[in-house]
Amino acid sequence: MRYAMAIDTKKCVGCGDCVVACQTENNVPHGYCRDWIVESVDGTYPSLSLEFRSERCNHCDNAPCVRCCPTGASHIEEGGIVAVTHDKCIGCGACIQSCPYDARYSHPEGYVDKCTFCLHRVQKGQSPACVDVCPTRCLHFGNLDDPNSDVSLAIKDRKWKVLAPEAGTKPQLYFLT
């Protein structure tokens, strides 16, 4: 099993509902976030293109944050979900520095936090909170090893990209273009 997410950049309108759902579902402190919206403008006037991306931890197959963690707090859960065991984390920030996606933050309680694809929901057969609330249904989640999963079907017939492929992390967050 390999969990992944695909974001349809042609459907995302940058509303931020995914961010609020995540903050609410995971009790993220005010002023912090596990996911965020990026607005990217490419080209030169008058030929400009605008893209909204809902970004978060890329749950990499080759996760540098896991390799550099001195306590083993950063680890890989079932299905490839990269997680942090809060009571094992000493808050040193090595994982924050090693992440090419800037997807982690220092929680005010002294540990590092990040997106977990709402593992607590996924283990119950539910989708991550961000996926459930998206009004444009631009977020697709599921098991890449299942050819009929929502994420597999989303990337099958569409052109897609990953962020920072040169980092060699093998991210499991795909952006449909």
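Going by the annotation in an unreviewed UniProt entry, the name recorded for the chain is 4Fe-4S dicluster domain-containing protein, with Maribellus luteus given as the source organism.

In this section: the packing of aromatic side chains. Aromatic rings considered in pairs are described by the distance between their centres and by the relative angle of their planes. Under the defined criterion, the tally for this structure stands at 4 aromatic pairs. Ring plane angle 90 degrees and centroid distance 4.8 Å describe the contact between tryptophan 160 and tyrosine 174, whose orientation is recorded as edge-to-face. One end of the pair, tryptophan 160, is in strand S9 (residues 160–161); the other, tyrosine 174, is in strand S10 (residues 173–176), with 14 residues separating them in the sequence. Taken together, Tyr3, Phe117 and Phe141 form an aromatic cluster joined through their ring pairs.

Before going further, it helps to spend a moment on the environment of serine 149. Structurally, the position occupied by serine 149 is in the loop between strand S8 (139–143) and helix H6 (150–156). As a C-alpha pair, serine 149 and lysine 170 span 21 residues in sequence and 20 Å in three-dimensional space. Sequence-distant contacts of serine 149, that is, excluding residues within four places in its chain, are made with Gly142, Asn143 and Leu144. Here the side chain of serine 149 touches serine 152 through a polar contact of 3.0 Å, side chain to side chain.

For strand S2 (residues 36–44) and strand S3 (residues 47–55), the ladder comprises 9 bridges, and the chain directions are antiparallel. Looking across to S3, one finds that glutamate 39 is bridged to phenylalanine 52. Connecting the antiparallel pair S2 and S3 is a turn made up of 2 residues.

Quick look at the pattern of salt bridges now. If you walk through the whole model with that rule in mind, you get 9 salt bridges. As a salt-bridge pair, glutamate 25 and arginine 121 come within 3.5 Å of each other at their nearest N and O atoms. In this pair, glutamate 25 is assigned in helix H1 (residues 17–25) and arginine 121 in helix H4 (residues 119–122), connecting sequence segments 96 residues apart. When its relative accessible area of 12% is taken as the criterion, arginine 121 is described as buried. The partner of arginine 121 in a salt bridge is aspartate 132, with the nearest N and O atoms 2.4 Å apart. Here arginine 121, found in helix H4, pairs with aspartate 132, found in helix H5 (residues 129–133); they are 11 residues apart in sequence, far enough to count as distant.

The strand order across the open sheet formed by 4 strands is S8-S1-S10-S9, and the pairing between neighbours is mixed. In this open sheet, the two strands that pair with only one neighbour each are S8 and S9. Of the pairings in the sheet, the one linking strand S1 (residues 3–8) to S10 comprises 4 bridges and is parallel in character. Following the sheet pairing, methionine 5 is matched in S10 by leucine 173.

The rules behind the values
Residues numbered from 1 in each chain as written. Predicted model: local features only at pLDDT ≥ 70, side-chain atom pairs only at ≥ 80, totals over all residues. Heavy atoms only, no water. Phe/Tyr/Trp six-rings, centres within 6.5 Å; stacked < 30°, edge-to-face > 60°. Helix = DSSP H or I, 4+ residues; strand = E, 2+ residues; numbered from the N terminus. Contact = heavy atoms within 4.5 Å. Polar contact = N/O pair within 3.5 Å; in protein donor to acceptor, adjacent residues only side chain to side chain. Pairing = 2+ DSSP bridges. Salt bridge = Lys/Arg side-chain N within 4 Å of Asp/Glu carboxyl O. Buried < 20%, exposed > 50% of the residue type's maximum accessible area, 1.4 Å probe, protein only.

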